[in-house]
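Structure assessment
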Amino acid sequence: RSPCVRQAENMATLLICRRAAGASLVRSTTALLPRTSATSSNDDFFEKNRKLNRPMSPHVSIYKPQWTWTLSIAHRASGACLAGALYAGTGFAFYNSGNFGPAVDALTISPVLGGLIKFGVAFPLIYHAANGVRHLVWDMGSGFHMPTLEKSGKLVLASSIVLAAAAAAC
């Protein structure tokens with residue numbers, strides 16, 4: 001038997017014996033915690049890193065950009081943008097409750113700027129939805145090989161750009 005199984009059996013036996021003796025379970029579980037000096041090992045770790053002049057934690061700038069984490073960050077950012085746009089749009093509509101249509105019509109912008117704004121609204125929505133489908137495929141347990149991850153990420157990005165441009169052209 002493995003040491004973990006033996007330790008679990010010993011803990012269960014000790015709990016049963018203490019419970020039969022009328023002892024509190026809280027006291028018995030705290031008595032079973034291993035006696036380690038976590039603070040001293042953490043202090044040694046940080047002292048070693050300080051002596052070697054290592055940074056406190058690695059930063060994104062030291063890693064080579066990869067499709068997987070770049071698209072993961074973009075997925076989170078697009079979700080945050082969508083949430084912010086939802087709050088801002090709701091606040092704008094609430095503030096101009098009776099005059100929402102005329103307020104939008106009163107905005108005079110060039111067609112090029114209008115197309116860029118439409119693309120800026122459509123892209124996060126389409127990208128987040130397409131990448132959400134990619135995540136659903138992962139939830140089914142497929143597509144985890146690195147070449148497949150990169151191909152699916154590039155497909156999501158390309159299809160999002162094309163679909164957002166098509167939506168902005170309407």
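This structure is a prediction, so every number in the text was calculated from the model and none was measured.

1. Brief notes about the overall build of the protein
- Helix and strand counts for the protein come out as seven helices and zero strands.
- Ordering the α and β elements of the protein from the N terminus gives α-α-α-α-α-α-α.
- Looking at the protein as a whole, 13% of its 170 residues qualify as buried.
- Here the analysis covers contacts within the protein between residues at least 6 apart in sequence; of these, 62% occur between residues at least 24 apart.

2. Thoughts on helix H6 (residues 111–139)
- Spanning 29 residues, H6 covers 41 Å between terminal C-alpha atoms, matching the ideal 42 Å at 1.5 Å per step.
- Listed in full, the buried residues belonging to H6 are Gly 114, Ala 122, Pro 124, Ile 126, Tyr 127, Asn 131, Arg 134 and Trp 138.
- In this structure, the buried side of H6 is in contact with helix H4 (67–95) and helix H7 (146–169).

3. As for the packing of H6 against H7
- In the contact formed by H6 and H7, the axes pass within 8 Å of each other and the chain directions differ by 150 degrees. Judged by the twist between their axes, the crossing of H6 over H7 is right-handed. Within the contact between the two elements, H6 uses Gly 115, Lys 118, Phe 119, Ala 122, Phe 123, Ile 126, Tyr 127, Ala 130, Asn 131, Arg 134 and Trp 138 and H7 uses Leu 149, Ser 152, Gly 153, Val 156, Leu 157, Ser 160, Ile 161, Leu 163, Ala 164, Ala 165, Ala 167 and Ala 168.
- Taken together, the residues of the contact of H6 with H7 sort by class into 16 nonpolar, five polar and two charged.

4. Describing the confidence of the model for the protein
- Model confidence for the protein is summarised by a mean pLDDT of 80, while 72% of its residues fall at 70 or above.
- For the protein, helix H2 (residues 25–31) is the element with the lowest average pLDDT, namely 47, and H7 is the one with the highest, namely 95.
- The low-confidence segment residues 24–33, where pLDDT is below 50, has 10 contacts with residues more than four positions distant or belonging to other chains.

5. A closer look at the pattern of salt bridges
- Under the counting rule described, the total for this entry stands at one salt bridge.
- Across the salt bridge formed by Arg 50 and Glu 47, the nearest N and O atoms sit 2.6 Å from each other. In this pair, Arg 50 and Glu 47 are both assigned in helix H3 (residues 38–51), three residues apart and thus about one turn of the helix distant.
- Residue classification places Arg 50 among the exposed positions, given a relative accessible area of 55%.
- Of the residues examined, Glu 47 reaches a relative accessible area of 33% and is grouped as partly exposed.

6. Some remarks on H4
- End to end, H4 covers 41 Å across 29 residues, agreeing with the expected 42 Å (1.5 Å per residue, within 8%).
- Buried within H4 are the following residues: Leu 71, His 75 and Ser 78.
- Residues of H4 that are buried make contact with H6 and H7.

7. A closer look at the environment of Ala 77
- The residue Ala 77 is located in helix H4 in this model.
- For Ala 77, a relative accessible area of 38% puts it in the partly exposed group.
- For the pair formed by Ala 77 and Pro 124, sequence separation is 47 residues and the distance between their alpha carbons is 8.5 Å.

8. Describing the packing of aromatic side chains
- Taken as a whole, this structure holds four aromatic pairs when the rule is applied.
- A ring pair is formed by Phe 119 and Phe 123, whose centres lie 5.8 Å apart and whose planes are at 20 degrees; its orientation type is stacked. Taken together, the residues span about one helical turn, with Phe 119 and Phe 123 both in helix H6 at a distance of four residues.
- Judged by its relative accessible area of 27%, Phe 119 is partly exposed.
- Using a relative accessible area of 22% as the deciding quantity, one classes Phe 123 as partly exposed.
- Chaining the aromatic ring pairs together yields one cluster made of Phe 119, Phe 123 and Tyr 127.

Rules used throughout
- Residues numbered from 1 in each chain as written.
- Predicted model: local features only at pLDDT ≥ 70, side-chain atom pairs only at ≥ 80, totals over all residues.
- Heavy atoms only, no water.
- Helix = DSSP H or I, 4+ residues; strand = E, 2+ residues; numbered from the N terminus.
- Buried < 20%, exposed > 50% of the residue type's maximum accessible area, 1.4 Å probe, protein only.
- Contact = heavy atoms within 4.5 Å.
- Expected span 1.5 Å × (residues − 1).
- Axes fitted to C-alpha atoms, helices over the stretch in contact; angles between N-to-C directions.
- Left-handed = near helix turned anticlockwise from the far one by under 90°.
- Nonpolar A, V, L, I, M, F, W, Y, C, P; charged D, E, K, R; others polar.
- pLDDT = per-residue confidence, 0-100.
- Salt bridge = Lys/Arg side-chain N within 4 Å of Asp/Glu carboxyl O.
- Phe/Tyr/Trp six-rings, centres within 6.5 Å; stacked < 30°, edge-to-face > 60°.

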